[in-house]
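Listed below are the residues making up each chain.
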Amino acid sequence: MENNTVNRTYLEIPAWKRDTALFWAYFKIAALVVGGGYAILAAAQREFVTRRQWLTEDDVVEMVTITQTVPGIIACNTAAYIGWKIDGWRGAVSAVLGAIFPSFVIILLIATGMSALSDFFSAPATRGAFTAVTSAVAAMVAVTGMKMRKKTIKNLDGAIIALICFSAITFFRLSPPVMIIFAVVAGIVLESVYRRKSKTGESDK
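Keep in mind it's a predicted model, so treat the numbers as computed, not measured. (Residues numbered from 1 in each chain as written. Predicted model: local features only at pLDDT ≥ 70, side-chain atom pairs only at ≥ 80, totals over all residues. Heavy atoms only, no water.)

**Brief notes about the packing of aromatic side chains**
Moving on, step 1. Counting across every chain of the model gives 6 aromatic pairs.
Moving on, step 2. Judged by centre distance (6.1 Å) and plane angle (25°), the rings of Phe23 and Phe27 are stacked. Of this pair, Phe23 and Phe27 both sit in helix H1 (residues 15–32), separated by 4 residues, roughly a single helical turn.
Moving on, step 3. Exposure remark for Phe23: the relative accessible area of 22% places this residue in the partly exposed category.
Moving on, step 4. Relative accessible area serves as the criterion here: at 22%, Phe27 is assigned to the partly exposed category.
Moving on, step 5. Among the aromatic residues, those joined into a ring-pair cluster are Phe23, Trp24, Phe27 and Phe101. (Phe/Tyr/Trp six-rings, centres within 6.5 Å; stacked < 30°, edge-to-face > 60°. Helix = DSSP H or I, 4+ residues; strand = E, 2+ residues; numbered from the N terminus. Buried < 20%, exposed > 50% of the residue type's maximum accessible area, 1.4 Å probe, protein only.)

This is the structure:
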């Protein structure tokens, strides 16, 4: 079931507790989720929309739009967006720190020559586990995409733009930023056409 209501009781929580919750929530997401930025996006949607009800599905759609159109890593961009929504710049910093800390620690340990950790990641069983987890993550991302589809594709024009972008990225290997620019231009043009038709119809009456 879609969640379009926000539990505003979190505003009654002291700011430092909200920041701590943001840090640990993103720490757990970054530490346990395998599969990159889109997988973290799906996990964040489940954590902050479904479980905590601090954000709505509309917030997730807005978050995806913003994080796809600005430079940077998706995981950090989503952390900054959610943190800012919940507690301004302090929330953004807390969430971003939580998102980068697990990877920082693991890479630091490997770089300093912790051979046991390197052997663990190179073991066949570990590689097999990561392969299986990645498949599960793909399903999570697909579910998140289907939920977003219901919120974003509301008419035939939206469906056509989505199909064009999907085909261009999948079959012609066009860059996602290029297709985002295409979608922005297409939306502006369509809105201008509809406004002009509306004005023409009113003047004819």
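**Let's talk about the confidence of the model for the protein chain**
Moving on, step 1. This prediction gives the protein chain a mean pLDDT of 81; 86% of its residues lie at or above 70.
Moving on, step 2. When mean pLDDT is compared element by element in the protein chain, H1 scores highest at 91, while helix H5 (residues 115–122) scores lowest at 68. (pLDDT = per-residue confidence, 0-100.)

**Points about the nonpolar core**
Moving on, step 1. Tyr26, Phe48, Ile82 and Ile86 are the most contacted members of the largest nonpolar core, which totals 26 residues.
Moving on, step 2. Taken together, the elements giving at least two residues each to this core come down to H1, helix H2 (37–51), helix H3 (57–69) and helix H4 (74–111).
Moving on, step 3. Top contributing element to this core by residue count: H4, with 7 residues.
Moving on, step 4. With residues up to four places along the chain from it excluded, the contact list for Ile82 reads Leu22, Tyr26, Ala44, Phe48, Leu55 and Met63.
Moving on, step 5. Counting 5 residues, the second-largest nonpolar core is a separate cluster that includes Ile161, Cys165, Ala168 and Ala186. (Core = buried A, V, L, I, M, F, W, Y, C linked by side-chain atoms within 4.5 Å. Contact = heavy atoms within 4.5 Å.)

**Notes on the pattern of salt bridges**
Moving on, step 1. The tally for this structure, following the rule as stated, stands at 6 salt bridges.
Moving on, step 2. Among the salt bridges present, the one from Glu47 reaches Arg51, with a minimum N-O distance of 2.7 Å. With Glu47 and Arg51 both in helix H2, this residue pair falls 4 residues apart, about one helical turn.
Moving on, step 3. Residue Arg51 is classed as exposed on the basis of its relative accessible area of 54%.
Moving on, step 4. Through salt bridges that share partners, Glu47, Arg51 and Arg52 make up one connected network. (Salt bridge = Lys/Arg side-chain N within 4 Å of Asp/Glu carboxyl O.)

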